[in-house]
Amino acid sequence: MSMLSRFQKMNPKVLYLLVLVVVGLPLIRPINLPIGVSRYTELFHSQVESLKPGDVVLVSLCFASAKAPEFYPQMVAALQHLIMKKASMVFVCWLPEVTPFTGRLFTDLSFDKRGLKYGTDYVDFGLIAGTATAMAAFARDVHKTAPADVRGTLVGDLPLMAKVKMATDFHLLMSFISIYTEDFIGQVQTPYKLPLVTGTDGVSFAGTLPYLASGQIRGILNSMVGTAEYEKLLKMPGKGTSYMDAQQLSHVLIITLIVLGNIALASTRALERSRRTKE
Amino acid sequence: MVKFNLRKDVAFAIVFFVGVLTAVEYFVALPDLRRIVADLQSWGTIIAAFSLGVGTINLIVIHGRRVSSRTQGYYNNFVLLLALTVTILIGLWGTNMHPAYQFIYFNALVPSDTAVWSLLAFYIASAAIRTMKARTKEGVILLITGILVLIKNTPAMGVIWGGFTIIGEWLLSVPNVAATRGIMIASAIGIIALGLRVLLRQERTSLGG
Amino acid sequence: MIPLVPGRSSAMIILISAAFLIGAMLFLSRIRKMTPKVRKVAGLTAIEESIGRCTEMGRPIHYAVGRSSLTGPSAAETIAGLSLLGHVAKLSAQYGVRLIFTNQLPEVQPLAEDIVKQGFLAAGKPEIYNSQNVRFLSSFAMAYTSGAIGVMYREKIAANFMLGGWYAESLTLAETGFNLGAIQVAGTTQVAQLPFFATVCDYVLIGEELLAAAAYVSEDKVQLGSMVGQDFVKVVAILLIALGAILRTLGVDALYNLFRL
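In this text, all values refer to a predicted model and were calculated from it rather than measured experimentally.

Our focus in this paragraph is the overall build of chain B. Looking only at helices and strands, one finds seven helices and zero strands in chain B. What you see in chain B, going N to C, is helices and strands ordered as α-α-α-α-α-α-α. Summarising its shape, the C-alpha atoms of chain B cover approximately 70 × 50 × 35 Å along the three principal directions. Buried positions account for 23% of the 209 residues belonging to chain B. The contacts of chain B with a sequence gap of at least 6 include a subset with a gap of at least 24, amounting to 18%.

Next up, the structure:
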């Protein structure tokens with residue numbers, strides 16, 4: 001069997017092993033491949049950069065726990081920027097499985113050590129069940145929909161919430177959403193015409209672009225690539241940057257194998273054609 | 001004589017009343033209507049919270065049935081029920097911010113979820129290599145655009161030649177947006193149709209009809 | 001004079017017009033003044049062929065409807081998937097093929113059990129219904145995926161039907177079916193998942209084709225009438241988009257401004 005035919009009939013397990021090596025090695029020994037910055041990340045960055053101290057940002061979480069490796073570094077980078085801009089933050093979760101992440105964010109980003117006071121600078125409402133209905137209700141009347149925060153404190157006792165009664169009191173919507181994007185845009189962003197920036201996973205990115213084109217979304221972080229680009233803009237390399245070597249090399253591997261596969265296919269076809277001509 | 005089914009007819013009346021009111025309120029600026037719909041929506045969030053509990057009860061019933069009837073692999077169902085009970089008890093006792101709850105969540109649930117999700121890396125690689133072959137005209141288009149978008153998502157290639165980024169962004173911003181918009185518009189029309197069928201009581205699978 | 005919310009008048013007119021068109025077609029087909037015809041989608045023929053293949057190989061069918069909730073905006077996909085489940089259940093009973101349904105939505109479980117039972121009854125073989133073959137695995141996507149992969153490998157399925165609302169778990173399941181050599185028919189309206197299905201599955205029902213296939217097999221006049229109404233609305237939308245694009249290119253903003261009212 002020629003090299004080309006062997007390549008075409010490659011055992012999938014060999015391919016899986018190649019992917020494992022190409023993804024695993026750079027995580028152990030980083031290569032530091034260059035990272036550019038895309039237009040989508042620049043738009044996200046400039047929207048956050050335009051915030052003034054004291055502006056209130058609604059941070060929404062709505063993703064499956066399986067996508068934590070894509071979304072968590074995004075949230076870390078974005079919240080770092082919000083802290084730098086001295087923005088106030090209101091956290092809301094639209095899915096039950098994502099609620100523990102807010103606590104972890106506060107710990108990992110050392111909210112308390114950085115002088116951020118709970119209730120004044122940031123508030124966590126935890127889960128508000130009901131997706132589209134919950135989003136619409138929250139946007140219409142925050143206090144009625146979320147009468148208490150995740151710690152049980154009544155919303156009226158939270159100083160930050162004195163100036164936030166409905167969606168129009170937020171200066172920016174920042175969402176980390178993999179599903180129910182259209183619900184959030186339809187129930188919160190569009191009716192109140194609020195600026196929205198969003199972090200997405202790689203699978204949802206292409207489907208989110210129409211909202212960017214129509215102006216409903218002002219900036220997008222495209223999964224790990226977007227996180228790395230954002231960290232570059234902030235000059236704060238983190239998990240996004242460290243994962244990019246693995247991602248980039250895996251892309252190069254796939255592109256190489258696709259090209260080789262097509263060369264093999266073309267050569268095999270040419271050989272068969274010449275064999276048939278000879279006969 | 002019209003037969004009156006208390007469960008179905010009352011349920012439909014509620015669906016119709018709430019549906020029409022919510023739809024009208026979106027377009028009409030009447031403060032009283034706004035107040036009524038705000039109340040209805042907050043009731044909706046309370047009902048949704050209860051439905052999470054109903055989902056859990058469903059799980060307990062389905063898996064409990066399998067354990068009690070000793071169906072094949074029932075020990076898996078038993079482990080699920082045990083994990084469910086432990087997690088619920090810890091959550092009720094210490095909320096989801098408790099270290100024990102966080103330990104279970106971040107050291108059991110998230111890693112197992114992400115491990116299964118990460119299988120996608122291998123499957124995408126094998127699917128892409130297998131399918132992106134220049135066998136037909138459409139196949140060639142898929143091959144070229146697929147490679148260009150893959151290159152666009154490899155920033156190092158963009159640093160080598162800026163043209164890759166421009167082409168990739170054009171592919172994503174123009175043909176992709178056009179196609180996605182078409183599907184989104186069709187999907188939105190489908191949602192209008194579904195909503196209409198439910199409001200007109202023409203949708204058989206809703207309300208157990 | 002009814003006060004309207006500013007900026008939503010055009011949306012209201014569009015909604016009322018679309019609802020009127022769809023409602024009119026629905027009503028006409030319900031009172032049998034119109035017999036809507038929908039072309040047979042290629043995927044439907046593939047479903048029947050696949051079941052025949054399973055009979056020859058003596059291996060079961062795997063069927064799943066994904067995880068669009070029945071109470072959410074994407075409920076139409078799950079409803080379509082359940083309609084097709086009834087069709088597949090009837091055919092599988094006729095051909096004597098085992099049908100395994102895996103589920104990740106608790107609210108769908110009793111519906112699915114009933115639909116499969118009714119399908120077997122319609123084929124005249126209610127005695128072969130086994131509730132163990134209608135399996136709720138988990139409402140967590142990845143837990144469901146692991147369970148479904150296990151079922152597919154252990155049962156050595158010969159056909160895999162994934163018709164409904166699919167999200168993250170779609171490619172993993174489709175690749176598993178491919179590795180098993182199963183013939184695969186998939187359909188969803190979720191844009192992000194269509195490329196995965198298109199690359200891995202043998203037949204794909206793209207977006208509205210899934211809903212059309214379900215309407216076709218159910219022969220429900222209401223669903224068919226609704227589909228025809230939707231098609232009329234789509235034609236109007238296409239004409240407006242084309243007109244709007246031409247006008248804006250020529251620098252005429254009248255239509256654009258009209259839609260911003």
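Mapped onto the secondary structure, R65 of chain B falls in helix α2 (residues 31-68). Put simply, R65 of chain B and G163 of chain B are 98 residues apart on the chain and 61 Å apart in space, counted from C-alpha to C-alpha.

On to the interface of chain C and chain B. Facing the 44 residues of chain C at the interface are 35 residues of chain B. Of all the secondary-structure elements, those providing two or more residues to the side of chain C that touches chain B are α1 (9-30), α3 (75-95), α4 (109-122), α5 (141-155), α6 (170-179), α7 (194-200), α8 (208-218) and α9 (221-249) of chain C.

Let us now look at the domain arrangement of chain A. Per the domain assignment, the segments of chain A are domain 1 (39-237) and domain 2 (248-279). Distance between the C-alpha centres of domain 1 of chain A and domain 2 of chain A: 47 Å.

A separate point is the sheet that holds strand β5 (residues 183-188) of chain C. Residues and elements named next belong to chain C. In spatial order, the strands read β3-β2-β1-β4-β5-β6; together these six strands make up an open sheet with parallel pairing. This sheet does not close on itself; its edge strands, each paired only once, are β3 (134-136) and β6 (203-206). Across the sheet, the mean angle separating the axes of adjacent strands is 15° when strand polarity is ignored. Summarising the sheet, strand β1 (residues 61-66) and strand β2 (residues 99-103) pair through four bridges and their orientation is parallel. Bridge assignment links I61 to a residue of β2, and that residue is L99. Across the sheet, helix α2 (residues 42-57) is in contact with β1, β4 (159-165), β5 and β6; its angle to β5 comes to roughly 145°. With respect to the sheet, α3 is in contact with β1, β2, β4 and β5, its orientation differing from that of β1 by roughly 165°.

This part takes up the confidence of the model for chain B. Per-residue pLDDT for chain B has a mean of 87; in total, 96% of the residues score no lower than 70. The complex prediction reports pTM at 0.89, with the ipTM value standing at 0.86.

Calculation rules
- Residues numbered from 1 in each chain as written.
- Chains lettered and ligands numbered in written order.
- Predicted model: local features only at pLDDT ≥ 70, side-chain atom pairs only at ≥ 80, totals over all residues.
- Helix = DSSP H or I, 4+ residues; strand = E, 2+ residues; numbered from the N terminus.
- Buried ≥ 20, exposed ≤ 12 C-beta atoms within 10 Å, placed from the backbone.
- Contact = placed C-beta atoms within 7 Å.
- Domains from an automatic or database assignment.
- Pairing = 2+ DSSP bridges.
- Axes fitted to C-alpha atoms, helices over the stretch in contact; angles between N-to-C directions.
- pLDDT = per-residue confidence, 0-100.

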